[in-house]
Amino acid sequence: MLRRESDYHERQSQLNGVRPDDNPGDKYFRTYNLVKQWVESALEVHKTELKRLLWPMFVYCFLDCVEEYVPKEAERFFASYRKQFETEHSDDIRALSLLRYPEHTRVNDTAQIYLNNKYRVTLSTAAFSTLIQHIEANEIFGGTQALVTIQKYFNIVTVDRAASGEDRSLAKLLSQGADDDMPREDEGIPGHKPGSANTSSNAPDRLIKVNLGQLPMEPELMEDVKAELAAEDAANPPGPGRNTLLDEFEQRIKCEPTDDAPSRDTLPLPPSLARDVAMEVQRVKENRDRFRIEGRTGGVAPALSVTMFTFHNTFDSLNCIEFSGDYTLVAVGTSESYIRIWSLTNEPLTSPLDPSTHQPSSSRRLIGHSGPVYALSFSPSLAIPQAEGGPDTRLLLSGSQDGSVRLWSLETFTCLVAYNGHASPVWDVRFSPHGHYFVSASADRTARMWSTDHISPLRLFVGHDSDAECAIWHPNSTYVFTGSGGVERNIRMWDVNRGTAVRLFTGHTGNITSLACSPNGRTLASGDDKGDIMIWDIGSGRLGKRLRGHGKGGIWSMDWCVEGTVLVSGGADGTVRVWDIQGAVPTDQGKVVAEGGQGTKVDSVGVNGVGIVGGGAATARKGKGKEAVVSPEQVSAFPTKKSPVYKVKFTESNLVMAGGAYLP
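Residues numbered from 1 in each chain as written. Predicted model: local features only at pLDDT ≥ 70, side-chain atom pairs only at ≥ 80, totals over all residues. Heavy atoms only, no water.

All right, on to the side chain of Asp326 then. Residue position: Asp326 is located in the loop between strand 4 (318–323) and strand 5 (329–334). Within the local environment of Asp326, its side chain forms a polar contact with the side chain of Ser324, the two groups lying 2.6 Å apart. Not counting chain neighbours up to four residues away, the residues in contact with Asp326 comprise Ser381, Leu382, Ala383 and Arg394. (Helix = DSSP H or I, 4+ residues; strand = E, 2+ residues; numbered from the N terminus. Polar contact = N/O pair within 3.5 Å; in protein donor to acceptor, adjacent residues only side chain to side chain. Contact = heavy atoms within 4.5 Å.)

See the structure below:
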């Protein structure tokens, strides 16, 4: 009986991939090596998609090894295979690197997210079949444990390559080039159908309908604006070949689609005032007289210029920079817990509350926060004559490490309200394009929607598993976008009326650091701290383009031109870059520098008239022997001299303003 029992257990151990003389952790080495070696030797047509299995297989083999109480084997396993994932998953590698015992996984947020969720990977039917056949044929060499891991932790979705269209065509897989190591938009935790915010495995294929059209104008406001424009045309007739202001306004109304426009009842707004009429009139004037960007012709980049405001002697204490809508003020948030405002016209900033002995100055300091100020946002405004707009009603929002959001008056330069609700630092705060409402994003993993006349939030947007790093509004003010970091690294689109997520965009390999929605409300741009920009189609929820050119450190700000065809971005690499999203540059066009530092502008024409020739995605030198890929959509770059770019902004006239701090 003893011999019979011994033979039985030995056979069972072999079937489970465990040999009698094995250490408990050796089976995970065999399991991972079995999958890794087979993926590396697979046909090129399958290799690209099968490589996406390696990261989750590495993570789950390591976590299971930790659960086996074999700390030395777990440490050896992690050290043996971590290097190939450090570029794409550096944050997760850092978070998992200190795990040795099961008790460690209980208190590690990253480990818990992986253990409590299945990792979604999409494979073609042919690739999945060959994977299973190989694993079953090598059961005693780790195949049994590989099957257990896949069944327990993976959500593998199979698709028919012929039925999935061009997205998974053979030509597409073989020509991915620099993007072959990037995760697909439906991969990861939480795995989801592209664009869908429903992460359930039984989620329907149909996406929730979103209304992306412009918010209809209030009828009374429209009539007042038309009357003012008619009076302006009568007083100042346009020159030959130019539209009247009234015609320009009518054309803008006609070109706006109304079939998917939200109802005005969706977002209650206060009645319009004389200042609102004056702002709409000024917006029509600037729109008619703007510098028009018609897109590239023959590969020639738009002739954009950038006005750069550089702050000196900051000693790395600046956290954020913001320009007012009328471009007469600039505000900065500092690590010393105060806000400083400057007049860009060098006019004194005075307040009715100033004592008679006060010396007028072109800057003011706002004091009230008890922690560093991380975010600022001016209320919507345009450069209108003071007599037309009445008293100055411009406001400023600020978010701080103290967890509060403060509302400041720019007439008296005093704090009006302190909004308390977040339990952690506030990373971002943004006024609605129509004013009155604002949104805040915090390290407590929530975003909140507020109105200026209520001290408590109107909506809580809950769903992120990591910090809500940044937030922006959709142009029609009925949706909010939030970006997160940590393990998630995704963007969620929230319906402000229902407070639920209607879109989920995944695919970034770094923390989301900036977002920008195009003026027509159809396209979203997102940037991360790895230097990548992704362009998303909001309606379908699909990834359109991936833009490369910035160095690491973060893309801190982006903005769209009025036409929505050109994107400008700035970040930690000290450059302002211009991207033509409408189409790709022909492969023989010039490329641009990868790092700022020399103060020399380089664009698609080249340097000193000499084109820099490249094919496809160009490469530029970074440091010693490193290559930075530059996407063909990049058409211009403006390097600074040791000045990270905190803010870039298109004006209504299609001029670019940028702000940064000189860090010697």
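Next up on the list: the environment of Ser424. Tracing the chain through its elements places Ser424 in the loop between strand 11 (414–420) and strand 12 (426–431). Taking C-alpha positions, Ser424 is 6.3 Å from Ser442, a pair spaced 18 residues apart along the chain.

Summed over the entire model, instances satisfying the criterion amount to 27 salt bridges. The salt bridge partner of Asp354 is Arg364, with a shortest N-O separation of 3.1 Å. With Asp354 in the loop between strand 6 (338–343) and strand 7 (363–367) and Arg364 in strand 7, the pair connects residues that are ten residues apart, well separated along the chain. Classification of Arg364 by relative accessible area gives buried; the value is 14%. One salt-bridge network, held together by shared partners, links Arg242, Arg288 and Asp289. (Salt bridge = Lys/Arg side-chain N within 4 Å of Asp/Glu carboxyl O. Buried < 20%, exposed > 50% of the residue type's maximum accessible area, 1.4 Å probe, protein only.)

Moving on: the packing of aromatic side chains. Overall, the coordinates contain 27 aromatic pairs when judged by the stated rule. Ring centres of Tyr60 and Tyr114 lie 6.1 Å apart, and the angle between their planes is 80°; on these two criteria the pair is classed as edge-to-face. Here Tyr60 is found in helix 4 (residues 54–67), whereas its partner Tyr114 is found in helix 8 (residues 109–115), with 54 residues between them in sequence. Summarising the burial analysis for this pair, Tyr60 and Tyr114 share the class buried. Summarising the aromatic geometry, the rings of Phe505 and Trp536 are spaced 5.3 Å apart at their centres and angled 50° between planes, so their arrangement reads as tilted. Here Trp536 lies in strand 22 (residues 532–537) and Phe505 lies in strand 19 (residues 500–506), a separation of 31 residues in the sequence. Side by side, Phe505 and Trp536 carry an identical accessibility label, which is buried. (Phe/Tyr/Trp six-rings, centres within 6.5 Å; stacked < 30°, edge-to-face > 60°.)

On to the nonpolar core, then. In this structure, Phe58, Phe62, Leu63 and Tyr114 are the most contacted members of the largest nonpolar core, which totals 45 residues. When residues in this core are grouped by element, the largest group, eleven residues, is from helix 4. Apart from residues no more than four positions distant in its own chain, Phe58 is found in contact with Tyr32, Phe77, Phe78, Tyr81, Arg82, Phe85 and Ile93. Residues Leu212, Ile491, Val502 and Ile538 belong to the second largest nonpolar core, which totals 17 residues. (Core = buried A, V, L, I, M, F, W, Y, C linked by side-chain atoms within 4.5 Å.)

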